[in-house]
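Topology and contacts: notes
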Amino acid sequence: MKSYYPDTARKIQEKVEEECDLQDYEGSRLYDEYPDRFMLYHLGRKIVDEVKSEADMEAMSDGLLGDLVEVLLFHEISRRRCRRRRCRGDFYR
C-alpha cells in the first residue's frame, strides 16, 4: 500500500521509518504500555524539522505537515508494537 502514497507522504514515511529504526531497541519507550505523549510529540517535531527543509514541504502549512507526520508516526509505532507482540489472536488468552 505504501507504493500508492503520494510523493510527499512517501518521503515523510521514509523519515518516520528511519527515526523509528533508531528508537527500536529492547526497553525502548516506544514499547511502553502507555507511551509518553510528550516523547511522541517531540519525536514528531524532530521529524517535521528534518522534513521541513525539503523544497516540496515548504508549501505545506506547519499544522498540516505536523498532523501528517503524527499520523504516519503513530501508525508506524502501532505497527511495530503489534508486530513485536505478535498480534495474531493473542486477545483471547
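Residues numbered from 1 in each chain as written. Predicted model: local features only at pLDDT ≥ 70, side-chain atom pairs only at ≥ 80, totals over all residues. Heavy atoms only, no water.

Some thoughts on the overall build of the chain
Going by this rule: Note on conventions: DSSP H or I runs of at least 4 residues are helices, E runs of at least 2 residues are strands, and numbering of each starts at the N terminus. Throughout this description, buried means an accessible area under 20% of the type-specific maximum (1.4 Å probe, protein chains only), exposed means over 50%, and partly exposed covers the range between.
Each helix and strand counted, the chain has 3 helices and 0 strands in total. Here the chain holds 93 residues, and 29% of them are scored as buried.

Structural notes on the nonpolar core
Nonpolar side chains in soluble globular proteins generally cluster together in the buried interior. What counts, and what does not: Take the buried residues of types Ala, Val, Leu, Ile, Met, Phe, Trp, Tyr and Cys, join any two whose side-chain atoms come within 4.5 Å, and each joined set is a nonpolar core. Pairs of residues are marked as contacts when any of their non-hydrogen atoms sit within 4.5 Å.
Of all hydrophobic cores here, the largest spans 17 residues; its most connected members are Ile12, Val16, Leu30, Leu65 and Leu73. Looking at this core, the elements that each hand over two or more residues are α1 (7–23), α2 (37–52) and α3 (62–85). The element contributing the most residues to this core is α2, with 6 residues. In this structure Leu73 touches Val16, Cys20, Leu40, Leu43, Gly44 and Ile47, once residues within four positions along its chain are discounted.

Structural notes on the confidence of the model for the chain
Test applied: pLDDT measures the predictor's confidence residue by residue and takes values from 0 up to 100.
Of the residues in the chain, 85% have a pLDDT of 70 or more, and the chain-wide mean is 83. Summarising per-element confidence for the chain, the mean pLDDT is lowest in α3 (87) and highest in α2 (91).

Quick notes on the pattern of salt bridges
What counts, and what does not: For this analysis, a salt bridge means a side-chain nitrogen from Lys or Arg found within 4 Å of a carboxyl oxygen belonging to Asp or Glu.
One pass over the full model with this rule turns up 6 salt bridges. Between Arg80 and Asp24 there is a salt bridge, with the nearest N and O atoms lying 3.2 Å from each other. You can see Arg80 sitting in helix α3 and its partner Asp24 sitting in the loop between α1 and α2, a full 56 residues away along the chain. Take Asp24: its relative accessible area is 27%, and that puts it in the partly exposed class. Between Glu76 and Arg79 there is a salt bridge whose closest N-O contact spans 2.6 Å. Here Arg79 and Glu76 lie together in helix α3, a separation of 3 residues that amounts to about one turn. In this structure Arg79 comes out as partly exposed when scored by relative accessible area, which is 32%. By sharing partners, the salt bridges in this structure join Asp21, Asp24, Glu76, Arg79 and Arg80 into a single network.

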